[in-house]
Amino acid sequence: MSQIRQLHMTLTILTHTRWQPPGLEPTPARPVRALARDLDVTQWLDPHQHAWGQLTFALSGVLRVTTPGSTWIVPPLRAIWIAPNVVHAIHVLETARLRPLCILAARAPFEGDECRVLTVSVLLRELIVALGQTGPGPREQLLAELILDELPGSATRPMRVPLPQDKRLGALCTALIEDPACQLTLGQWAARVGASERTLTRLFERELGMPFGHWRQQVRLAHAAPLIARGMPLSQVAEELGYASQSAFSAMFKKTFGSSPTAFFAHDNAR
């Protein structure tokens, strides 16, 4: 069973929300269209795709964006670029003021079909807000061109969490995404999902390209970003995510992102 289908089945208790209001598709004359939608944690957006690209961004709140092979946690300081025709679903983890942009495929700011997590600068944030408040005309065209000029220079951050196809590994990964602080060893997981530890070790390397411990760290760091962004003390973040101490968490964060959590988010807020 595909990851998108699994996601669909696990979220059926929530409220389905229509994603694309009619009449807001981008056109050559209006290559960037802004939407505004507030979603709470009981809502999710069904797996879907469209012919244009999408910058998924929320002024506040936390999203999880899932494609057939990956999932991303997207806090307010970030956005994710979803290329045209890529199937994706959106799960609201924390009530979100969603402000996505629909971008004409011919004006896509990035090549290929790879999703990219972007740092949203102060300028880009204000341009998105302004576009959403502007109707057709010269001002809308200017704002759209400024956004298209700003996007390619937005810094990317390695927040991708790859997802497997094997259903046994999928059960393990889904459980850890839902509870990243879980301390079960790979051997204990093997007993739960009906596979040997050796088999799971091989599957992690073959399907996800990394060992179990590395993948779990990626999940925990992805969950850490929204907690830090909303001001949770680092000691509490470390505890929430299962780290033995704040220093252990900070060391792993610095190893992955190149700076301490405090410096990383102070830099982003200064942009």
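In what follows, the structure referred to is the one given above.
Rules of the game
Residues numbered from 1 in each chain as written. Predicted model: local features only at pLDDT ≥ 70, side-chain atom pairs only at ≥ 80, totals over all residues. Heavy atoms only, no water. Helix = DSSP H or I, 4+ residues; strand = E, 2+ residues; numbered from the N terminus. Buried < 20%, exposed > 50% of the residue type's maximum accessible area, 1.4 Å probe, protein only. Contact = heavy atoms within 4.5 Å. Salt bridge = Lys/Arg side-chain N within 4 Å of Asp/Glu carboxyl O. Core = buried A, V, L, I, M, F, W, Y, C linked by side-chain atoms within 4.5 Å. Pairing = 2+ DSSP bridges. Axes fitted to C-alpha atoms, helices over the stretch in contact; angles between N-to-C directions. Parallel < 35°, antiparallel > 145°, perpendicular 65-115°, else oblique. Nonpolar A, V, L, I, M, F, W, Y, C, P; charged D, E, K, R; others polar. Left-handed = near helix turned anticlockwise from the far one by under 90°. Phe/Tyr/Trp six-rings, centres within 6.5 Å; stacked < 30°, edge-to-face > 60°.

### Remarks on the side chain of Glu140
Now for step 1: If you trace the backbone, Glu140 turns up in helix H3 (residues 138-150).
Now for step 2: Owing to a relative accessible area of 5%, Glu140 belongs among the buried residues under this scheme.
Now for step 3: Other than its neighbours up to four places away in sequence, Glu140 contacts Arg30, Arg33, Leu131, Thr134 and Gly135.

### Concerning the pattern of salt bridges
Working definition: two side chains of opposite charge can pair if their charged atoms are close together.
Now for step 1: Throughout the structure, instances matching the rule amount to six salt bridges.
Now for step 2: Residues Arg125 and Glu126 are paired through a salt bridge, measuring 2.9 Å at the closest nitrogen-oxygen approach.
Now for step 3: The class for Arg125 is partly exposed, based on a relative accessible area of 31%.
Now for step 4: For Glu126, a relative accessible area of 40% corresponds to the partly exposed category.

### A short note on the nonpolar core
Now for step 1: Formed by 38 residues in total, the largest nonpolar core has its most connected members in Leu63, Ile80 and Leu101.
Now for step 2: Per-element accounting of this core gives the leading share, five residues, to helix H2 (residues 122-132).
Now for step 3: Those residues within four positions of Leu63 in sequence are excluded, and the remaining contacts are Thr56, Ala58, Trp72, Ile73, Val74, Ile90, His91, Val92, Leu93, Ala96 and Leu98.

### Let's talk about the sheet that holds strand S2 (residues 32-34)
Now for step 1: Pairing within the open sheet is antiparallel, and its five strands lie in the order S2-S11-S5-S8-S12. At either margin of the open sheet sits one strand with a lone partner, and together these are S2 and strand S12 (116-119). If you compare each strand with its neighbour and ignore which way they point, the axes differ by 20° on average.
Now for step 2: Across four bridges, strand S8 (residues 78-82) lies against S12 in antiparallel orientation. Following the sheet pairing, Ile80 is matched in S12 by Val117.

### Overview of unusual backbone geometry
Now for step 1: Even without a glycine there, the phi angle at Asn85 is positive, about 70°.
Now for step 2: Tracing the backbone shows Asn85 in the loop between S8 and strand S9 (88-94).
Now for step 3: On the basis of relative accessible area, Asn85 is assigned to the partly exposed category, the value being 48%.

### A closer look at the packing of helix H4 (residues 167-178) against helix H6 (residues 197-208)
Now for step 1: Where H4 contacts H6, the two axes come as close as 10 Å, and the packing angle between them is 85°. By the angle between their directions, the pair H4 and H6 is classed as roughly perpendicular. Counting all contacts with H4, which are made through Arg168, Leu169, Leu172 and Cys173, the residues of H6 involved are Thr199, Leu200, Leu203, Phe204, Glu207 and Leu208.
Now for step 2: Counted by class, the contact of H4 with H6 contains seven nonpolar, one polar and two charged residues.

### Overview of the packing of H2 against H3
Now for step 1: The contact between H2 and H3 brings their axes to 10 Å, and the two run at 150°. Taken together, the axis directions place H2 and H3 in an arrangement best described as roughly antiparallel. Judged by the twist between their axes, the crossing of H2 over H3 is left-handed. Contacts between H2 and H3 involve Leu123, Leu124, Leu127, Ile128, Ala130 and Leu131 on the former and, on the latter, Arg139, Glu140, Leu143, Ala144, Leu146, Ile147 and Glu150.
Now for step 2: Of the residues belonging to the contact of H2 with H3, the class tally is ten nonpolar, no polar and three charged.

### A look at the packing of aromatic side chains
To describe a pair of aromatic rings, you give the distance between the ring centres and the angle between the ring planes.
Now for step 1: For the structure shown, the criterion picks out five aromatic pairs.
Now for step 2: Arranged with centres 6.1 Å apart and planes meeting at 55°, the rings of Trp81 and Phe110 form a pair that is tilted. Of this pair, Trp81 sits in strand S8 while Phe110 sits in the loop between strand S11 (101-103) and S12, and the two are 29 residues apart along the sequence. The residues Trp81 and Phe110 share a single accessibility class, namely buried.
Now for step 3: A centroid spacing of 5.5 Å and a plane angle of 70° characterise the contact between Phe204 and Phe212, whose relative ring orientation is edge-to-face. Just as Phe204 is buried, Phe212 falls in that class too.

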